[in-house]
Amino acid sequence: MSELTTGSFSIDDLENVQITINNIVGAIEKEAERSDVELGPTVKPGVSTLRDWDHNILDRYNPVYTPMCDQCCYCTFGPCDLSGNKEGACGIDLAGHNAREFMLRVITGAAAHSGHGRHLLHHLIGLYGKDHPLDVGATNIIAPNVQLVTGVQPKTLGDLDSVLSYVEEQLTQLLAAVHMGQEGAAIDFESKALHGGMLDHVGMEISDIAQISCLDFPKADEEPPLSDIGMGCIDSSKPTLIVIGHNVAAITDIIDYMDEKGLNDKMEIGGLCCTALDMTRYKTGDRTAPNAKIVGTLAKELKTIRSGIPDVIVVDEQCIRADVLEEASKLMIPVLTTNDKVMYGLKDRSNDDIEDILEDLTTGKEKGALMFDYEKLGELAPRLTMMMSEIRKQKGIKALPAEEDLKAIADSCVHCGACEIACPDSLPISEAFTRLSEGDLTKFEWLHDKCIACGRCEYACPKGIDIVNVIEKSSQRVISEEVGKVRVGRGPISDPEIREEGVNLVLGTTPGIVALVGCSNYPDGTKDLYKIADEMLRRNYIVVVSGCSAMDLGMYKNEDGLTLYEQYPSRFRSGGLMNTGSCVSNSHISGAVIKVAAIFAQKNISGNFEEIADYTLNRVGAVGVAWGAYSQKAASIGTGCSRLGIPVILGPHGSKYRRALIAKPYEEEKWKVYDARDGSEMKIPAAPEYLLTTAETVEEMMPMLAKSCIRPSDNNMGRMIKLTHYIELSQKYLGVMPEDWYKFVRTETDLPLAKREELLKILEAEHGWEIDWKRKKILSGPAMKSDVSAQPTNLKRLCKEA
């Protein structure tokens, strides 16, 4: 019988293949053979597939739990006392319960990103079709996280659909394990949490490459345009539309309508959180940022609403205050919700006539409307903004207190301290009221940057003072000057950039990658981010930013009036500062690390997670910083980095996640790897020393950043550079030499050049190292024992490469 062919597949190819609607499941190996793609051993891993790798890293990086309480209240058996060695009615102990709680946070964050991706992908497929090609710029590896985890090399929107189905299925399996009477071992809850974190990076990547490909976002652009940022960049004399959230799908229709009707000069459109970042990326193929402006992060939401500046608010999903509708309605600001994750109990008006909706909203009959028809929203939101601006002016809507009322408000404060106790950062609010009573606004102006506008102080105040309002009214001068610049999100790192910089990263001559990500829950204001980035850029680290951190970084300028974005190139090289984009663009940071292994080291990444994670842990100097960690999404992003071998440092509020992954440097038996040259087992220093930890202050964290980028594979020059930064940062910010610096010295040439003689004397006098110099050697292709023993062919190949 002759071979019958249909399209690009033959009937022979379909042997033992399960066929479902619009999908061929099981043909991936055939397609891989056809395209000469080598598939790794863990294509689309299940919950237990990478368990051995997880247990291996968890054996070195022990989970540390800091529970808020020692009770479990999950089911009606409880509450159960788990203190001491007690077990709950279902048999779970305190470690297992805490590991389960952390896992739940991780999969909640991952579900938020993958749910975002599913919503966005459905929307874009509806507009452009499943065959729409993916285009993210100068790269052959379009989706490194997708390829690493699933083995799939997506080419179209339709290819992303099946990968996202895999992510959703895995998240369902993980969620099932949270149910009482399921998993009981803490270490396996930890493994499941790591699995959820890995899935999160896949879901984020799907979200961003889909919108990059369809919405003309920058594509690995090394020089994206600058956008205005800050509360002061909004012209409040114009009708103002404010959008809040993380999913730009609905907002693009609003921008299109404003362009079509010539409204860009007649009204303002500003955004809060990641929707703001993404709407400034929209249609920037000509490197011209749209009219949209970035107001700021989640910390600016309540402040912006209370200011009374918005005439209309549009929300989508994620990181939106639950009281937006309540707060907005006090100032006659209609709220339009556009996503089924945030509906506020509003009526669905998607099928109603626009004129009827405008009538109900402008007369105050309804406080807002739910609108799933984005084309209709595109017309409704601008028209409503123009109308509400006039109505609110005529009604004389009063937002912040009058200046002449400030003293009376300040005098009503009884200085009980309840507000400061409730404040997450214990800000000196009482002192600010004392100063305000004397006519001095400066303390409240200082508080404006420190305050994250959570509103907890107001709930605690026995006198019912609207403290956030007082802070904002007292800070009108600084708010008017609050205008900065931020680079529009550039998207992924291109292949040419990786080729140019990969060798420097692996050998250590570029000291490392510092990724500033996460939320706006800073312990001491936004300027800490500037301090961190400025220090590391001056030292030629690669600094990559995203989300809230990317926004807040653009608010500070040097003596010449330039932000860091204007001072440093947006290229992936030493001393480069890149904004990848919104929260989902975090995937491009982990993706860049994966591409270093694929492009520089020529490693197969298709379904080969364990080997690439091992490579990253031992060879790629990268560290993540979530200084303002707040949401469950931040926990899932960081946990995905942990599984990939990238350490993450959280700010002090990150301790409220109640779990860390910290190694014990003194357990020498756990600090061994294989040398790829001959397969011999070698001792290494504790590098990195943790996969997830917290720092109390920026000063404490600075040397931790340099230390976290030290890797066993550093060559002499690289180790010297990294050790120089570690010692200098410790002396600059802590005033002392780091106590463990000598552990990272293998040969005399590892020592900082300027202090070599001095440090040699210390080594010989205090550590007796004059006899040890010849015993230490630089490792080539170090690999953790479990990886090599589990896959002996890897060791042979590594030795051959060396």
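Residues numbered from 1 in each chain as written. Predicted model: local features only at pLDDT ≥ 70, side-chain atom pairs only at ≥ 80, totals over all residues. Heavy atoms only, no water.

1. Here's the deal with the overall build of the chain
Put simply, the rule is: Think of it this way: any DSSP run of H or I at least four residues long counts as a helix, any run of E at least two long counts as a strand, and we number them from the N terminus. Radius of gyration here is computed from C-alpha atoms only, and the compact-globule reference equals 2.2 Å multiplied by the residue count raised to the power 0.38. Exposed residues in this analysis have more than 50% of their type's maximum accessible area, buried residues have under 20%, and partly exposed residues fall in between, with area computed by a 1.4 Å probe over protein chains only. Only the protein chains shown count as cover for residues, and the accessible areas themselves come from Shrake-Rupley with a 1.4 Å probe. Here the positive residues are Lys and Arg and the negative ones are Asp and Glu; neither His nor the chain ends is included. Lysine's charge is taken at NZ, arginine's at CZ, aspartate's at CG and glutamate's at CD.
The number of helices and strands found in the chain is 31 helices and 25 strands. Radius of gyration (C-alpha) of the chain: 27 Å, near the 28 Å computed for a compact globule of 802 residues. The buried share among the 802 residues of the chain stands at 61%. For the chain, the accessible area works out to roughly 30400 Å², and carbon and sulfur atoms hold 50% of it. On the chain, the mean spot of the 86 positive side-chain charges and the mean spot of the 118 negative ones are 3 Å from each other.

2. Describing the packing of aromatic side chains
Ring pairs (aromatic) are described by centroid distance and by the angle formed between their planes. The criterion, for reference: Only rings of Phe, Tyr and Trp enter the pairing, Trp through its six-membered ring, and a pair is recorded when the two centres are within 6.5 Å. The plane angle decides the type: under 30 degrees is stacked, over 60 is edge-to-face, the rest tilted.
By the definition in use, this model includes five aromatic pairs. When the ring of Y61 is compared with that of W671, the centres are 6.0 Å apart and the planes differ by 90 degrees; the resulting orientation is edge-to-face. In this pair, Y61 sits in strand β5 (residues 61-65) while W671 sits in the loop between β21 (659-663) and β22 (672-674), placing the two residues 610 residues apart along the sequence. We note that Y61, like W671, is buried. Seen in terms of ring centroids, W741 and Y742 are 6.4 Å apart; in terms of plane orientation they differ by 90 degrees. Their pairing is edge-to-face.

3. Digging into the pairing of strand β10 (residues 268-272)
Applicable threshold: Two strands are counted as paired when DSSP detects at least two bridges linking them. Handedness of a crossover: with both strands directed away from the viewer, a clockwise path from the first strand across the helix to the second marks it as right-handed.
Counting buried positions along β10 yields five of five residues, so the element is predominantly enclosed. Neither face of β10 is left uncovered, since the one carrying E268, G270 and L272 and the one carrying I269 and G271 both have all their residues buried. Relative to β10, strand β9 (residues 240-244) runs parallel, the two being bridged by five bridges. Within β10, the position partnered with L241 by the bridge is I269. As a crossover connection, the stretch from β9 through helix α7 (residues 251-260) into β10 is right-handed.

4. Structural notes on the state of the cysteines
For the record, the criterion: Cysteine sulfurs are considered disulfide-paired once they come within 2.5 Å of each other.
In the structure shown here, the tally under the stated rule is zero disulfides. The thiol of C461 is not disulfide-bonded; the next cysteine sulfur, from C416, is found 6.4 Å away.

5. Digging into the pattern of salt bridges
Let me state the cut-off plainly: Criterion for a salt bridge: a side-chain nitrogen of Lys or Arg within 4 Å of a carboxyl oxygen of Asp or Glu.
Taken as a whole, this structure holds 53 salt bridges when the rule is applied. Residue E445 pairs with R477 through a salt bridge whose shortest N-O separation is 3.0 Å. Separated by 32 residues along the polypeptide, E445 in helix α16 (residues 442-450) and R477 in helix α19 (residues 476-480) bring together distant segments of the chain. Given a relative accessible area of 14%, E445 falls into the buried group. For R477, a relative accessible area of 45% corresponds to the partly exposed category. A salt bridge links E667 to K670, with the shortest nitrogen-to-oxygen separation between them at 2.9 Å. Put simply, R306, E327, K330 and E458 are held in one network by salt bridges that share partners.

6. What to know about the sheet that holds β21
Stated precisely, the cut-off is as follows: Note on geometry: axes are C-alpha line fits, over the in-contact stretch for helices, and angles between N-to-C directions span 0 to 180 degrees.
Read across the sheet, eight strands follow the order β5-β21-β24-β20-β19-β16-β17-β18 without closing on themselves; strand pairing throughout is mixed. Unpaired on one side and paired on the other, β5 and β18 (577-581) mark the two borders of the sheet. Looking at each pair of strands side by side, their axes are set apart by 25 degrees on average, direction ignored. Pairing geometry for strand β16 (residues 513-516) and strand β17 (residues 542-546), over four bridges, is parallel. Bridging across to β17, L516 finds its partner in V545.

7. Focus: the sheet that holds strand β25 (residues 783-784)
With antiparallel pairing, three strands are arranged side by side in an open sheet as β23-β22-β25. Two strands bound the open sheet, and with one partner strand each, they are β23 (681-683) and β25. Where β22 lies against β23, three bridges are found, and the strand directions are antiparallel. Bridge pairing in β23 places K672 opposite K683.

8. Some words on unusual backbone geometry
Across residues other than glycine, the phi torsion is negative in most instances, and most of the peptide bonds are trans. Look at the link from G78 to P79: it is a cis peptide, with omega at 5 degrees. As for its position among the elements, P79 is in the loop between β6 (71-72) and β7 (80-81). Look at the link from A687 to P688: it is a cis peptide, with omega at -10 degrees. Following the sequence through the fold, P688 ends up in the loop between β23 and β24 (690-694). Positioned with a positive phi, H415 is a non-glycine residue whose angle comes to about 55 degrees. Among the structural elements, H415 can be located in the loop between α13 (406-411) and α14 (418-422). Overall, H415 belongs to the partly exposed group, its relative accessible area being 37%. The phi torsion at N540 lies on the positive side, around 70 degrees, for a residue other than glycine. Residue placement: N540 occurs in the loop between α21 (527-538) and β17.

9. Quick word on the packing of helix α3 (residues 94-128) against helix α26 (residues 632-644)
How we decide: Angles are sorted into four bins: roughly parallel if under 35 degrees, roughly antiparallel if over 145, roughly perpendicular if 65 to 115, and oblique for all others. Residues count as neighbours in contact if any of their non-hydrogen atoms are within 4.5 Å of one another. For this classification, Asp, Glu, Lys and Arg are treated as charged, while Ala, Val, Leu, Ile, Met, Phe, Trp, Tyr, Cys and Pro are nonpolar and the rest, including Gly, are polar.
Packing of α3 against α26 brings their axes to within 7 Å, and their N-to-C directions diverge by 100 degrees. Accordingly, the angle class assigned to the pair α3 and α26 is roughly perpendicular. Residue-level inspection shows F102, R105, V106, T108, G109, A110, A112 and H113 of α3 in contact with α26, the latter providing Q632, K633, A635, S636, I637 and T639. The class makeup of the residues in the contact of α3 with α26 is six nonpolar, six polar and two charged.

10. Remarks on α3
The cut-off we apply is this: How far a helix is expected to stretch is found by multiplying one less than its residue total by 1.5 Å.
Its 35 residues place the ends of α3 50 Å apart at the C-alpha level, agreeing with the 51 Å of an ideal helix rising 1.5 Å per residue. Phi turns positive one or two residues past the end of α3, at G129, with a value near 90 degrees.

11. Here's the deal with the nonpolar core
To keep it simple, the criterion reads: Residues enter a nonpolar core if they are buried and are Ala, Val, Leu, Ile, Met, Phe, Trp, Tyr or Cys, with the set joined through side-chain atoms within 4.5 Å.
In terms of nonpolar packing, the biggest core is built from 129 residues, with I251 and L336 touching the most fellow members. Here this core takes twelve residues from helix α6 (residues 186-214), the largest share from any one element. Residues within four places of L336 in sequence aside, it is in contact with V312, I313, V314, V315, L361, A369, L377, L380, A381 and L384. Membership of the second largest hydrophobic core comes to 54 residues, among which are V545, L553, M555 and V745.

12. A few points about the packing of α3 against helix α5 (residues 157-176)
So the rule is basically this: Crossing chirality is assigned from the near helix's rotation relative to the far helix, an anticlockwise turn below a right angle marking it left-handed and a clockwise turn marking it right-handed.
The N-to-C vectors of α3 and α5 enclose an angle of 155 degrees; their axes lie 10 Å apart at closest approach. Here α3 lies roughly antiparallel to α5, going by the angle between them. Viewed along their axes, α3 and α5 form a crossing whose handedness is left-handed. For the pair α3 and α5, the contacting residues are M103, L104, I107, A110, A111, S114, G117, R118, L121, L124, I125 and Y128 in the first and L157, L160, D161, L164, S165, V167, E168, L171, L174 and L175 in the second. Of the residues belonging to the contact of α3 with α5, the class tally is 16 nonpolar, three polar and three charged.

13. Topic: the side chain of T639
For clarity, the threshold we go by: Polar contacts here mean pairs of N or O atoms no more than 3.5 Å apart (in protein, one a potential hydrogen donor and the other a potential acceptor; neighbouring residues in sequence count only if both atoms are side-chain atoms).
Within the secondary structure layout, T639 lies in helix α26. Within the structure, T639 has its side chain in polar contact with the backbone oxygen of A635 (distance 2.7 Å). For T639, the contacting residues outside a window of four places in its chain are F102, V106, A193, L194, G197 and R659.

These figures capture arrangement, not role.
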